[in-house]
Each structure stands twice: as C-alpha cells, then as structure tokens.
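Chain by chain, the residues:
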Amino acid sequence: MTQNCSNAVPTSMSSADHYEIRCPVHGFIRMNDWEMGIISQSAFQRLRRIRQLAWTDYVYPGGMHTRFEHSLGVMHTATLLYDAIVRNSKDLLESELAYNEAGFTRYRQLVRIAALLHDVGHGPFSHAGEDLLPLKETGEQYRHEDYSAAIVRSRFKSAIEDHPDCNNYGFTVDDVAALIEGTAGAKQGIFWRDIISSQMDADRMDYLLRDSHHIGVEYGKFDLDRLISTIRTIPGNGGEASRLGISYGGWHAAEALVMARYFMFTQVYFHKTRVAYDIHLRGALREILPQGKFPKPEGDGLEEFLKWDDWRVLGCLSDGAGGEHGERLRTRNHYRRIYATNEVCTGEDLVTLGQIRAALGAMLAAEEPANKNWYKTDKTDIPVFNETGDKTVAPLSYYSSVVANMKANNQVLLYVKPEDRTAATEAVGKVLGKE
C-alpha cells in the first residue's frame with residue numbers, strides 16, 4: 001500500500017489496492033487488501049450474526065445493526081483519530097516516542113487492525129450475555145476483550161502475519177492482541193491504546209452515533225468533526241507517559257460526548273423494557289448453554305465459543321429451549337417494571353427499596369442495578385491543553401461543571417411477572433403511601 005509519509009495518510013490507490021464499503025454513519029469506509037483478507041475470515045464474519053444491541057429492536061425496531069458494521073466504523077474512526085493526532089502532535093511524538101515516518105506508518109496500520117478486531121470476542125447478543133462468561137483462576141470474570149485477544153492470536157495469525165503487506169510492518173498477532181488488551185506487550189504502541197479504549201475512544205464515538213442512527217433518536221449525537229480536529233498528544237509530567245487529550249477549543253465537544261453517553265444509557269440502554277429482555281435472554285442462555293456458562297477462551301473452549309452467535313441461540317429458542325425465559329422471549333410476555341429508584345440513590349431511597357422488596361416478597365421476579373459511572377475524574381480524566389498563555393494542561397472536569405458534577409448511576413429497577421402486576425402495584429402503593 002503506497003503511503004504519503006508527510007502525514008502517514010494513504011495516497012490514492014488503484015481499485016486493486018483498496019475496497020470501499022458504504023456506511024450509513026461515516027459514508028465510505030476504505031480498506032486495503034490486507035484488511036479485507038482479515039474481514040473475510042470466518043471469525044470476523046461471525047460478527048454479522050451478533051446484534052450490537054441485543055433485543056433492543058423489540059423496543060426500537062430499527063436497532064437491528066450488528067457488531068460487524070460497528071467494527072468497520074471503529075476502524076474508520078480510529079484512523080481519523082490517529083491521523084489527527086499525528087497531524088497535531090507530530091513534533092512531540094518524534095521527540096518523546098522517537099517515531100520516524102516508518103514508525104508513524106507502522107502504527108497507523110496496527111491501530112487500524114486492532115480497532116477492526118477489538119470486538120471479535122463478543123458472544124451472542126453482545127453485552128446482554130456477558131454475565132455468563134466464566135471465571136478466571138484468579139476469581140475475576142473473563143471479559144469479551146479477553147476473548148477478542150485469544151481469537152486474534154488463534155484465528156488470525158495467518159491472515160495477519162502471512163500477508164505480504166506484513167513484510168513492510170513486521171508486527172505479529174501478539175502486537176495486535178496486546179493493543180486490544182492494553183498490556184505491556186504492546187510496547188511502544190501502548191500510547192495508542194487510548195484510541196481503542198479510553199473515555200474518548202473510537203469505540204465509544206462510533207457506537208453512540210451508530211446506535212442513535214439506527215434506532216432513530218438524537219440522544220447520542222455529538223460533534224465528531226470538532227473532536228477529531230482538536231485531538232492531540234498531551235505530554236506527560238513527572239515521568240508520566242504522554243497520553244491522548246484535546247485542545248482547549250474542543251473541550252465542549254468532549255463534554256458533549258460524555259453527555260451523549262449519559263443520555264443514551266438512561267434513555268436507551270437502560271430502558272425499562274429493554275432491560276427486561278436482557279433479563280430474559282440471560283435466563284434463557286443459562287438453560288441453553290452447557291453448565292449455564294460460555295466456555296473459557298482457550299483450546300477447544302475457544303473453538304466452541306466461536307460456534308455461538310445470535311442465529312444459534314434463536315434456533316434454540318425456536319425449538320422451544322430456554323425454559324420460562326425462552327417462552328417469554330418467544331411470546332413477548334416480558335416482566336414488567338414495578339418500581340425504580342432515583343438515578344442516584346440516597347440512604348432514604350435504599351430504605352424504601354428494602355421495604356418494597358419485602359412487600360413484594362415472592363412476587364419480585366428480578367432486580368436490575370445500573371452501576372454505571374459516566375465519567376471518571378481520576379487519572380483517566382481527559383486532559384485539555386490550553387494553547388494560550390502559559391500553555392497549561394487541566395482535566396476536562398476542571399473546565400466542565402457538568403462533567404465535574406456527574407454522579408454515578410446506581411439506580412435499581414424491580415420487576416414482576418405480568419400476571420402479578422396488579423397485586424404488586426397494590427403492594428408498592430401501600431409502601432409509598434398511595435393507598
């Protein structure tokens with residue numbers, strides 16, 4: 001692939017060197033022959049059979065898009081971020097990370113492939129089934145990123161390392177997997193980890209815009225162009241590493257990204273009916289999966305995991321599997337929310353919640369906590385570089401009172417079976433003094 005070394009941006013290529021896929025969010029997404037070979041692998045094509053938003057289409061009928069198109073979008077967005085960072089911070093990257101033109105070109109391709117493959121480890125219906133991932137020997141639960149890294153190492157070795165273009169870059173599947181994991185194995189490339197996973201990453205930017213587009217809401221919209229134009233490298237202080245940040249002129253766009261995530265979660269992802277279908281899906285999968293869990297991402301277990309996708313689960317459900325939860329999915333006879341706390345629970349709210357639990361007794365069919373932190377004002381707080389005056393660096397929470405005062409959502413939703421709804425409503429009403 002021919003490169004323009006001034007900014008490590010591809011020059012015009014012949015039709016034999018590149019492919020274009022039309023995307024409803026980004027327009028045309030361009031790929032080279034190497035990337036198309038990766039996309040053609042069965043482990044990546046599996047993402048066509050995994051919906052981005054699980055059963056959200058039962059609430060928002062347009063939400064039928066898949067991890068496949070999202071992954072293409074993340075690669076595209078990651079490239080926009082990468083090119084802007086190099087354009088805006090080239091001198092700093094050369095002095096602090098000792099990059100030369102070959103290095104810029106190499107890591108651009110590595111970031112593209114890592115972004116493309118970051119979600120290959122998702123199970124059926126994406127996040128809805130993640131509670132059924134097994135435990136590690138340490139007692140921690142596996143994450144879908146662990147599966148992604150394992151799949152990259154086991155299923156994409158030939159597509160990545162044996163392609164002729166790899167001779168120009170010299171990286172391995174371990175380099176790609178380490179960047180997805182964010183481990184020390186990424187070496188010098190760990191700087192680019194923020195593009196793959198951070199509070200301002202390509203993944204988040206794409207799914208907010210894509211989910212909004214498909215389900216027909218405005219909540220997830222933000223100014224992507226402004227973010228891209230103001231993204232930059234922030235130099236580290238006191239021995240700390242440089243990291244991804246934003247120029248002062250873009251902090252309102254970064255604030256809007258944080259707010260978009262908040263609105264999408266409260267209005268879409270944690271929608272009461274959508275949550276009910278997550279509950280039923282988890283319950284059905286516990287009945288369908290051997291031992292009620294997905295296999296571990298190693299050896300034969302990883303091969304078995306790759307056989308699971310939405311189509312297989314839907315086939316099982318169509319055959320009558322899944323127990324009570326499978327039946328409720330098939331008939332759309334979902335649990336009904338009977339009570340919800342405030343988004344930020346106080347001590348008094350928790351007392352009331354306990355009283356309602358007791359009043360419902362056996363009628364309480366499910367309880368779903370949000371446990372969502374919109375923005376962390378710790379060391380991951382997005383740094384903002386003020387180019388004027390003394391060229392100071394301050395966290396986004398310093399400039400944005402909205403971001404600084406955002407509290408984690410610890411809302412709790414209580415559900416009952418439809419047949420218990422009348423009696424449950426009376427019980428809750430007595431606790432709240434409405435009857």
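Throughout what follows, the structure given in this document is the object of discussion. All of these numbers come straight from a predicted model, not from anything done at the bench.

Our focus in this paragraph is helix 7 (residues 173-181). Counting buried positions along helix 7 gives 7 out of 9 residues, so the element sits mostly inside the fold. Looking only at helix 7, the buried set comprises Val 173, Asp 175, Val 176, Ala 177, Ala 178, Leu 179 and Ile 180. Packing partners of the buried residues in helix 7 comprise helix 4 (101-117), helix 5 (144-155), helix 6 (157-161) and helix 8 (193-196). For helix 7, the side-chain oxygen to backbone nitrogen distance between the N-cap and Asp 174 is 3.2 Å, and the N-cap itself is Thr 172. Following helix 7 by one or two positions, Gly 182 adopts a phi angle in the positive range, close to 75°.

In this section: the sheet that holds strand 10 (residues 393-395). Sheet architecture is open: 4 strands sit in the order 5-6-9-10, paired in mixed fashion. On the outer flanks of this sheet lie strand 5 (231-234) and strand 10, each paired with one strand and no other. Neighbouring strand axes in the sheet, compared pairwise and without regard to direction, differ in orientation by 45° on average. Bridge analysis of strand 6 (residues 243-247) against strand 9 (residues 383-385) gives 2 bridges, and the strand direction is parallel. The partner of Ile 246 across the bridge, within strand 9, is Val 384.

It is worth spelling out the environment of Glu 327 at this point. Summarising the element assignment, Glu 327 is placed in helix 15 (residues 323-331). With 43 residues separating them along the chain, Glu 327 and Ala 284 place their C-alpha atoms 8.6 Å apart.

Positive phi, normally seen in glycine, also occurs at Ala 54, with a value near 50°. Following the sequence through the fold, Ala 54 ends up in the loop between helix 2 (42-45) and helix 3 (67-96).

The next thing to look at is the sheet that holds strand 7 (residues 336-340). Hydrogen bonds along the backbone pair up the strands of a sheet, which may run parallel or antiparallel. With respect to topology, 3 strands assemble into an open sheet ordered 7-11-8, the strand pairing being antiparallel. Edge positions in the open sheet fall to strand 7 and strand 8 (364-369), since each of these has one partner strand only. Along the sheet, successive strands turn relative to each other by an average axial angle of 30°, direction set aside. Direction of pairing for strand 7 relative to strand 11 (residues 412-416): antiparallel, over a ladder of 4 bridges. Its bridge partner being in strand 11, Ala 340 is matched across the sheet by Leu 413. Those strands touched by helix 12 (residues 272-288) are strand 7, strand 8 and strand 11, and its axis lies near 65° from that of strand 11. Packed on one face of the sheet, helix 19 (residues 421-432) meets strand 7 and strand 11 and runs near 5° to strand 7.

Here we take up the packing of helix 12 against helix 14 (residues 310-318). Between helix 12 and helix 14, the least distance of the axes is 11 Å, while the angle of their chain directions is 80°. Accordingly, the angle class assigned to the pair helix 12 and helix 14 is roughly perpendicular. In this structure, helix 12 contributes Ala 284, Leu 285 and Ile 288 to the contact, and helix 14 contributes Val 313, Cys 316 and Leu 317. When its residues are assigned to classes, the contact of helix 12 with helix 14 shows 6 nonpolar, no polar and no charged.

In this section: the pairing of strand 3 (residues 18-23). The sheet contact formed by strand 3 and strand 4 (residues 27-32) spans 6 bridges and is antiparallel. In the strand pairing of strand 4, His 18 is matched with Asn 32. Connecting the antiparallel pair strand 3 and strand 4 is a turn made up of 3 residues.

Moving on, we come to empty space enclosed by the protein. Inspection of the entire model under this criterion finds 1 cavity of 30 Å³ or more. Taken as a whole, the largest cavity encloses approximately 30 Å³ of empty space. As for the largest cavity, its lining consists of Gly 121, His 122, Gly 123, Ser 126, Gly 129, Glu 130, Leu 133, His 144 and Phe 294. For the lining of the largest cavity, the per-class residue count stands at 2 nonpolar, 6 polar and 1 charged.

What follows covers the packing of aromatic side chains. Using the criterion set out here, one finds 24 aromatic pairs in the structure. Taking 5.4 Å as the distance between ring centres and 85° as the angle between the ring planes, the aromatic pair formed by Tyr 99 and Phe 104 counts as edge-to-face. Judged by relative accessible area, Tyr 99 falls into the buried class, the value being 5%. Residue classification places Phe 104 among the buried positions, given a relative accessible area of 0%. With a centroid separation of 5.2 Å and an interplanar angle of 20°, the aromatic rings of Tyr 99 and Tyr 107 are classed as stacked. Among the aromatic residues, those joined into a cluster by ring pairs are Tyr 82, Tyr 99, Phe 104, Tyr 107, Phe 191 and Trp 192. Above the ring of Phe 68, the side-chain terminus of Arg 48 is found at 3.8 Å from the ring centroid. The positively charged end of Arg 312 is found above the aromatic ring belonging to Trp 308, 3.7 Å away from the centroid.

On to the pattern of salt bridges, then. Counted under the stated rule, the structure contains 27 salt bridges. Measuring nitrogen to oxygen at the nearest pair gives 3.8 Å for the salt bridge that ties Asp 175 to Arg 106. With Asp 175 in helix 7 and Arg 106 in helix 4, this pair connects stretches of sequence that are 69 residues apart. Arg 106 shares its class with Asp 175; the two are buried. Glu 367 serves as the salt-bridge partner of Arg 357, at 2.7 Å between the closest nitrogen and oxygen. With Arg 357 in helix 16 (residues 347-360) and Glu 367 in strand 8, this residue pair connects regions lying 10 residues apart in the sequence. Relative accessible area serves as the criterion here: at 32%, Glu 367 is assigned to the partly exposed category. What emerges from the salt-bridge pattern is a single network uniting Lys 136, Arg 143, Glu 145 and Asp 146.

Criteria and thresholds
- Residues numbered from 1 in each chain as written.
- Predicted model: local features only at pLDDT ≥ 70, side-chain atom pairs only at ≥ 80, totals over all residues.
- Heavy atoms only, no water.
- Buried < 20%, exposed > 50% of the residue type's maximum accessible area, 1.4 Å probe, protein only.
- Helix = DSSP H or I, 4+ residues; strand = E, 2+ residues; numbered from the N terminus.
- Contact = heavy atoms within 4.5 Å.
- Polar contact = N/O pair within 3.5 Å; in protein donor to acceptor, adjacent residues only side chain to side chain.
- Pairing = 2+ DSSP bridges.
- Axes fitted to C-alpha atoms, helices over the stretch in contact; angles between N-to-C directions.
- Parallel < 35°, antiparallel > 145°, perpendicular 65-115°, else oblique.
- Nonpolar A, V, L, I, M, F, W, Y, C, P; charged D, E, K, R; others polar.
- 1 Å grid on protein atoms, 1.4 Å probe; cavity = no way out; pocket = protein on both sides within 12 Å on 5 of 7 lines; lining within 4 Å.
- Points joined across faces, edges and corners; volume = space filled by probe spheres on them.
- Phe/Tyr/Trp six-rings, centres within 6.5 Å; stacked < 30°, edge-to-face > 60°.
- Lys NZ or Arg CZ within 6 Å of the ring centre and 35° of its normal.
- Salt bridge = Lys/Arg side-chain N within 4 Å of Asp/Glu carboxyl O.

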